[in-house]
Amino acid sequence: MRLAYTTAATTAVAALVFLLPLGWELRNDHRDAALATAAQRTSTVAGAIAAGAGEKGVAAAIAAAGGAPVVHTPGLAPSSGGRADAGLIDRAAVASEPTVEDVDGGTVRLQPVTAGGKTLVIEAFVPDAELNHHTARDWWLLLGLAVVLVGGAVVVVDRLARGAVGSARNLVDAALAVGDGDLEMRIQPSGPRELAEAGYAFNRMADRLVTSRTDERELVADLSHRLRTPLTALRLDAEALDPDDTQIIDLTADEVDRRRGIRRIRTAITTLEDEVNHLINTTRQAVADRVAAEPEDGLCDASEVVRERMMFWSALASDQDRQYRVVGAHLRIPVPVARAELAAALDAVLGNVFRYTPQGTAFEVALSRRDGWVALRIDDAGPGIPDPEKALRRGQSQQGSTGLGLDIARRVAQATGGSVSLDRAVMGGASVVMMLTDADATPKQPSRFGLVGRGRPTRDRDPGRRRWQRGRE
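Once a new chain begins, its residue numbering starts again from 1 and follows that chain's sequence as written. Totals for whole chains, interfaces and linings use all residues, but because this is a predicted model, local features are given only for residues with pLDDT of at least 70 and pairs of side-chain atoms are given and counted only at 80 or more. With hydrogens and water excluded, all non-hydrogen atoms of the structure serve as input to the side-chain values.

Concerning unusual backbone geometry
For step 1, the next point in the chain: Positive phi values are uncommon outside glycine, yet Asp-321 reaches one of about 60°.
For step 2, the next point in the chain: Structurally, Asp-321 is set in the loop between α8 (302–319) and β6 (324–327).
For step 3, the next point in the chain: Working definition: with a 1.4 Å probe on protein chains only, accessible area under 20% of the residue-type maximum means buried, over 50% means exposed, and in between means partly exposed. On the basis of relative accessible area, Asp-321 is assigned to the exposed category, the value being 55%.
For step 4, the next point in the chain: Phi at Asp-371 takes a positive value of approximately 55°, unusual for a residue other than glycine.
For step 5, the next point in the chain: Relative to the helices and strands, Asp-371 resides in the loop between β8 (363–370) and β9 (373–380).
For step 6, the next point in the chain: Residue class for Asp-371 comes out partly exposed when judged on its relative accessible area of 34%. The numbering of helices and of strands both runs from the N terminus, where a helix is a DSSP run of H or I of at least 4 residues and a strand a run of E of at least 2.

Here's the deal with the sheet that holds strand β2 (residues 99–103)
For step 1, the next point in the chain: Strands pair, by our definition, only if DSSP identifies at least two bridges between them. Pairing is antiparallel across the open sheet formed by four strands, whose spatial order is β1-β4-β3-β2. Looking along the sheet, the strands with just one partner apiece sit at the ends: β1 (70–72) and β2. When the angles between neighbouring strand axes are averaged without regard to direction, this sheet yields 30°.
For step 2, the next point in the chain: Direction of pairing for strand β3 (residues 106–115) relative to strand β4 (residues 118–127): antiparallel, over a ladder of 10 bridges. The residue of β4 that forms the bridge with Gln-111 is Ile-122.
For step 3, the next point in the chain: The strands touched by helix α3 (residues 86–94) are β1, β2, β3 and β4; relative to β3, the strand with the most contacts, the crossing angle is about 50°. Angles here are taken between N-to-C directions and fall from 0 to 180 degrees, while the axes themselves are lines fitted to C-alpha atoms, restricted in helices to the stretch in contact. Only heavy atoms enter the contact rule, under which two residues are in contact if any of them lie within 4.5 Å.

Things to note about the side chain of Asp-379
For step 1, the next point in the chain: Looking at the secondary structure, you find Asp-379 in strand β9.
For step 2, the next point in the chain: On the basis of relative accessibility, which here comes to 2%, the residue Asp-379 falls in the buried class.
For step 3, the next point in the chain: At 2.6 Å, the side chain of Asp-379 forms a polar contact with the side chain of Ser-431. The definition of a polar contact used here is a pair of N or O atoms within 3.5 Å, where within protein one atom must be able to donate a hydrogen and the other to accept one, and adjacent residues in sequence count solely through side-chain atom pairs.

Observations concerning the UniProt feature "transmembrane region" (unreviewed entry) in the chain
For step 1, the next point in the chain: UniProt positions are given in the numbering used here, feature names are shortened, and annotations may be inferred rather than shown by experiment. Using the residue numbers shown here, the UniProt feature "transmembrane region" (unreviewed entry) corresponds to residues 139–161.
For step 2, the next point in the chain: Overall, residues 139–161 shows 100% helix and 0% strand. The separation of its end C-alpha atoms is 32 Å.

Considering the nonpolar core
The tendency in soluble globular proteins is for nonpolar side chains to be buried as a group.
For step 1, the next point in the chain: Core analysis: the biggest nonpolar cluster contains 38 residues, and Leu-342, Val-365, Leu-376 and Met-434 have the highest contact counts within it.
For step 2, the next point in the chain: Of all the elements in the fold, those that place two or more residues in this core are α8, α9 (339–356), β8, β9, α11 (404–415), β10 (419–424) and β11 (430–437).
For step 3, the next point in the chain: At nine residues, α9 tops the list of elements feeding residues into this core.
For step 4, the next point in the chain: Look past the residues within four positions of Val-365 in its chain and what remains in contact with it is Val-306, Met-310, Arg-325, Val-326, Val-327, Leu-346, Leu-350, Leu-376, Arg-377 and Ile-378.
For step 5, the next point in the chain: Ile-89, Ala-93, Leu-110 and Val-121 belong to the second largest nonpolar core, which has nine residues in total. Among buried residues, the Ala, Val, Leu, Ile, Met, Phe, Trp, Tyr and Cys ones that are joined through side-chain atoms within 4.5 Å form a nonpolar core.

Details of the sheet that holds β9
For step 1, the next point in the chain: One open sheet holds the five strands; their spatial order is β6-β8-β9-β11-β10, and the pairing between them is mixed. At either end of the open sheet lies a strand with only one pairing partner, and these are β6 and β10. When the angles between neighbouring strand axes are averaged without regard to direction, this sheet yields 15°.
For step 2, the next point in the chain: One ladder, built from seven bridges, connects β9 with β11; its direction is antiparallel. Bridge assignment links Ala-375 to a residue of β11, and that residue is Met-435.
For step 3, the next point in the chain: Its contacts with the sheet put α8 on β6, β8 and β9, and the angle it makes with β8 is roughly 175°.
For step 4, the next point in the chain: Sheet contacts for α9: β8, β9 and β11; angle to β9, the most-contacted strand, approximately 20°.

Observations concerning the pattern of salt bridges
For step 1, the next point in the chain: Salt bridge, as used here, is a side-chain nitrogen of Lys or Arg placed within 4 Å of a carboxyl oxygen of Asp or Glu. Applying the stated criterion across every chain yields a total of 14 salt bridges.
For step 2, the next point in the chain: The salt bridge partner of Glu-308 is Arg-339, with a shortest N-O separation of 3.5 Å. Residue Glu-308 is found in helix α8, and its partner Arg-339 is found in helix α9; the two are separated by 31 residues along the sequence.
For step 3, the next point in the chain: Looking at Arg-339, the relative accessible area reads 34%, which means it is partly exposed.
For step 4, the next point in the chain: Its salt-bridge partner being Arg-309, residue Asp-347 comes within 3.0 Å of it at the nearest N-O pair. With Asp-347 in helix α9 and Arg-309 in helix α8, this pair connects stretches of sequence that are 38 residues apart. Accessibility assignment for this pair places Asp-347 and Arg-309 in one class, buried.
For step 5, the next point in the chain: Among the ionic contacts, a cluster of salt bridges with common partners joins Arg-325, Glu-364, Arg-377 and Asp-379.

Right, here's the structure in full:
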């Protein structure tokens, strides 16, 4: 509303500045036209007198001029029908140019003329009505034009302002909704260019918030899962200390205390695992802090990561009498993944092997590279996975786990443009293959490389894969 008032005042001032001089100029044009008509009349009579016309000729000239001109003789009383007084007539008789003077009711034009040595003055009276003919009409037209201009400007500005104000209000409402937690809120950018750009920027910001919240949830859940890997090792070590079914009968007090301590440790580890699992599940639901975290860029040697992590898992494998083999980790194989991320993915898959296969189950970790791709394979001789697709789905893996073990591996692989697949291993159990981009080569179509490193191929597989298998081994 304030903008409409400002526009109306500004337009009114501009109209007055433009229209007032125009109206005054139109008034002067009307006066000049009336005086020109009067000059034409007096010139007609003056011409007849200067030509030596007699009284009849002069009368005919007056009649031809509309009967308005009056002929005065200076020094004598003004002729009847005239409006000029004697003094004005005498001054006009000696003037070199026609005289125009205002009198009561209008304006007179006095033109001197000399004929036969005698000077006469011809008077033409122009009434005010004729001088101001159409002047009032012109002023009303100009006033109407000013009103139209002001009204049109207000209407146009109001329409423009409505669009801008509506866009600004939509942006404010959307920002308040996002502030209240509705991250699905989006707006249709509209209005002036600046507000439209602000709308597009708002939508991009909201998309980034959603992505950031999702990444944060994934990060917290993944960190929680990394905590569960050493907990699994602790639990397995605690279970190996003493069998649960041993009866505390005829034992010394120290032995009883020791076994009770072992059970307390097991109970504490179980409770801690439950808490970690609860943390993993709750982080999927909501993240209190929505601070955006840029994904970590990095490059690491996959062979070095495999060797380092197998040093950790080898002790536990020895305690559980698990036979294992590491293949292809003696050469440098760079992959575009941060060391911590690849280590977490490998720990997650190996943790599943130790958690869901019986003690004494053998496993194998193998690295291979070809055509710009690196395959990290983890095979075991356990019971396998009945439904690989379901196991790959977050929160849908077997044995009631959170599913994050395979999901971490899948996200690490997909971050490089690769993938994770599950199949039956030659050892008899599950085979998990992480396909990673080779940092030293340009990846080719990975369709033929999807099963690389899963064990010795059967005879019905194509010769190309058999040649690759032999080269890997």
